[in-house]
Amino acid sequence: MSAFTQSSMVALAPLLMTTLQCQWDLQTIHEVVVLFVLFFGNCPGDVISGIIADRKGRKVSLVLGQLLLLTFTVLSAAASSYWFFGMCYFFIGLAIGMLTFVTVVHLSEMSPPNFRSYSVTLFFMFWALGALFSCVVSYLLLNSSGWEITTFVVAVPHLFISILVLLVDESPKYLPYPDRQLQQNRSC
């Protein structure tokens, strides 16, 4: 389900930029920079997520990524300047990078062998649904309610998914190492 929130923000960025160009008197290069920082943030997000997932657990990485995504999505909706908006989108990209990596790993490790490919396929189906959600919300609200309300509405599923991620079990592939025995005993 975190794929839904990730893709909703990737799809929302270019949809908002036309409105923001008018409101903040931006040039096309400003739109390109926001999209650049979004995807640039992805790169360290993957690495950070891998380090956290291996040292602290898949669940910790999932929770941190989802909370980062929720926090900076809400902050981006409250942005009053292009630079703050761009900074928020860097951290949104960072969170998306974290979540994309660790979600696929977690799904693969938690799924029974005969269900793994199907579960990863579902992840990417939710990616498409999240992008469609942003498009529909933007179509319905962007011109009438503004980009701020549109972003807040797109952020609503982020809150629910952030809560659901807290309920996810740690991956059994992470727990067998000797330094993680206490955590493994608590999850049984």
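Here, the structure is the one placed above.
Residues numbered from 1 in each chain as written. Predicted model: local features only at pLDDT ≥ 70, side-chain atom pairs only at ≥ 80, totals over all residues. Heavy atoms only, no water.

Participant: I'd like a rundown of helix α3 (residues 58-77), residues and numbers included.
Facilitator: An ideal rise of 1.5 Å per residue puts 28 Å on 20 residues; α3 measures up with 29 Å between its terminal C-alpha atoms. Taken as a whole, α3 has its buried residues at Arg58, Ser61, Leu62, Val63, Gly65, Gln66, Leu69, Leu70, Phe72, Thr73, Ser76 and Ala77. Contacts from the buried residues of α3 go to α1 (2-24), α2 (28-55), α4 (82-110) and α6 (147-166). (Helix = DSSP H or I, 4+ residues; strand = E, 2+ residues; numbered from the N terminus. Expected span 1.5 Å × (residues − 1). Buried < 20%, exposed > 50% of the residue type's maximum accessible area, 1.4 Å probe, protein only. Contact = heavy atoms within 4.5 Å.)

Participant: Which residues make up the packing of aromatic side chains, and what values do they have?
Facilitator: All told, the structure shown has 12 aromatic pairs when counted by the stated rule. Where Phe4 meets Phe133, the ring centres are 5.3 Å apart and the plane angle is 40 degrees; that geometry is what we call tilted. On the criterion of sequence distance, the pair formed by Phe4 in helix α1 and Phe133 in helix α5 (residues 116-145) is long-range, its members being 129 residues apart. Owing to a relative accessible area of 15%, Phe4 belongs among the buried residues under this scheme. When the ring of Tyr82 is compared with that of Trp83, the centres are 4.9 Å apart and the planes differ by 75 degrees; the resulting orientation is edge-to-face. Judged by its relative accessible area of 65%, Trp83 is exposed. Here the aromatic residues Phe36, Phe40, Phe72, Phe90 and Phe91 are joined through ring pairs into a cluster of three or more. (Phe/Tyr/Trp six-rings, centres within 6.5 Å; stacked < 30°, edge-to-face > 60°.)

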